[in-house]
Amino acid sequence: MTIDSNLQAELIRVAHLLADAARPETLTHFRTPGLVAQDKGVQGFDPVTVADRAAEQAMRAILKAERPHDAILGEEFGATSGTSGLKWVLDPIDGTRGYISGTPTWGVLISVADENGPLFGLIDQPFIGERFAGGFGVAEVDGPMGTQPLATLPARELSDAILLSTFPEVGTEAEENAFHTVAKRAKLTRYGMDCYGYALLAAGQVDLVIEAGLNAYDIQAPIAVIHAAGGIVTDWAGGPAHQGGQVLAAANREIHAQALAILQEAIDD
C-alpha cells in the first residue's frame with residue numbers, strides 16, 4: 001500500500017508513543033524482589049511476567065485511541081483485526097528469560113507492517129535508555145550517548161566475523177548443527193543477546209545474527225531497523241523472514257551470502 005509522508009510521520013509518532021508507554025511498565029518490575037515468572041510451556045521454559053502483560057496492555061490502549069482501524073498482533077494478547085491495511089506487531093518484552101535474570105539484553109519490539117512486511121520498527125531497551133529506530137528514511141539510535149545514525153558493518157570474511165544468537169541450542173537438531181557449522185567458521189560467537197543482538201548488528205558492532213523457531217513478533221521490528229541501517233534479513237532459504245521461523249540477519253549481502261551457503265549445505269546433508 002502507498003504510505004505518504006504525512007502517514008509516515010503519523011506512524012512514527014505513534015510507534016514512539018507505544019515505546020514511551022511500555023517503558024515504565026517494564027521498569028516498574030525489572031530487578032525487583034518477588035517478581036513471578038509463569039511458564040507458558042513453549043520451547044522449554046518460556047516465561048511470562050506481569051510486566052509483559054502490562055506493557056502490551058498499555059500499548060494496545062494507545063492504539064485503540066490513536067489508530068483504531070489498524071490490526072494488532074501481540075505476543076501476550078494475540079491478534080486483533082483491522083480495516084486499514086496496516087498491522088502493529090508488538091512484543092512487550094522480547095527476552096523475558098533475560099528480563100527475569102536481570103540482564104539488559106531484553107527489549108520492547110514495535111513495528112508497523114503492511115501485507116508485504118514491516119515498514120517501520122523500534123527496538124527499545126528501557127533500562128539502558130536506548131531506542132533503535134528504522135524505516136521511512138530513519139535509521140538512528142537515541143540513548144545515553146545522544147542520537148547517532150545506524151549503519152551496518154562493511155563486508156569482510158566470515159573468518160573475521162562476529163556472530164550472535166540467543167541460545168546455543170538453535171531450533172531442531174538439524175538447525176542446531178547447521179548453525180554451529182557457521183559458528184565454527186566465525187571469529188567469535190556470543191549467546192544470550194535476545195533482541196539486543198539485532199540492535200547491535202544495526203549499530204555496526206557485529207556481522208551476523210542467526211536464529212530459528214522465531215515468531216513474527218520476535219523479528220518484524222528488527223527487520224525494519226536492520227534494513228534501514230543497510231543490512232539484510234532473510235530466512236535460511238534466502239526468502240522473506242517476517243513471519244518468523246529461521247532467521248539469518250547480516251550486515252551486508254556479501255557475508256549474508258557466505259553464511260547462507262553454509263546453512264543450506266549443512267541443512268541438506
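Residues numbered from 1 in each chain as written. Predicted model: local features only at pLDDT ≥ 70, side-chain atom pairs only at ≥ 80, totals over all residues. Heavy atoms only, no water.

Quick word on the sheet that holds strand β6 (residues 107-114)
As summarised here, the arrangement of the eight strands in space is β4-β3-β5-β6-β7-β8-β9-β10, forming an open sheet in which the pairing is mixed. Taken across any chain shown, the strands that pair with only one partner, and hence form the sheet edges, are β4 (78-80) and β10 (146-149). The mean inter-strand angle of the sheet, taken between neighbouring strand axes irrespective of direction, is 15°. Of the strand pairs in this sheet, strand β5 (residues 87-94) and β6 are connected by six bridges, and their pairing is antiparallel. Bridged to Lys 87 within β6 is Ala 113. On top of the sheet, helix α2 (residues 50-66) reaches β3 (71-74), β4, β5 and β6; it is set at about 155° to β5, its chief contact. Across the face of the sheet, helix α6 (residues 216-229) comes into contact with β3, β5, β6, β7 (117-125), β8 (130-135) and β9 (138-143) while running at roughly 95° to β7. (Pairing = 2+ DSSP bridges. Helix = DSSP H or I, 4+ residues; strand = E, 2+ residues; numbered from the N terminus. Axes fitted to C-alpha atoms, helices over the stretch in contact; angles between N-to-C directions. Contact = heavy atoms within 4.5 Å.)

Some remarks on the packing of aromatic side chains
Under the defined criterion, the tally for this structure stands at seven aromatic pairs. Ring geometry for Phe 30 against Tyr 99: centres 5.2 Å apart, planes inclined by 35°, an arrangement best described as tilted. Here Phe 30 is found in the loop between α1 (5-27) and β1 (38-39), whereas its partner Tyr 99 is found in helix α3 (residues 96-101), with 69 residues between them in sequence. In textbook terms, an aromatic cluster arises when at least three aromatic residues are bridged by ring pairs, as seen for Phe 30, Tyr 99, Trp 106 and Phe 127. (Phe/Tyr/Trp six-rings, centres within 6.5 Å; stacked < 30°, edge-to-face > 60°.)

Let's talk about the environment of Gln 258
You can see Gln 258 is positioned in helix α7 (residues 253-268). Overall, Gln 258 belongs to the partly exposed group, its relative accessible area being 23%. In the structure, Gln 258 is positioned 200 residues away from Ala 58 in sequence and 42 Å away in space, judged by C-alpha atoms. When residues no more than four places from it in sequence are discounted, the contact partners of Gln 258 are Arg 156, Glu 157 and Leu 158. (Buried < 20%, exposed > 50% of the residue type's maximum accessible area, 1.4 Å probe, protein only.)

Quick word on α1
For α1, with 23 residues, the first-to-last C-alpha span of 33 Å sits near the 33 Å given by 1.5 Å per residue. Of all the positions in α1, only Leu 7, Leu 11, Ile 12, Val 14, Ala 15, Leu 18, Ala 19, Ala 21, Ala 22 and Thr 26 are classed as buried. Measuring from the backbone nitrogen of Asn 6 back to the side-chain oxygen at the start of α1 gives 3.2 Å, which picks out Asp 4 as the cap. (Expected span 1.5 Å × (residues − 1). Polar contact = N/O pair within 3.5 Å; in protein donor to acceptor, adjacent residues only side chain to side chain.)

Purely geometric stuff here, so don't read any function into it on its own.
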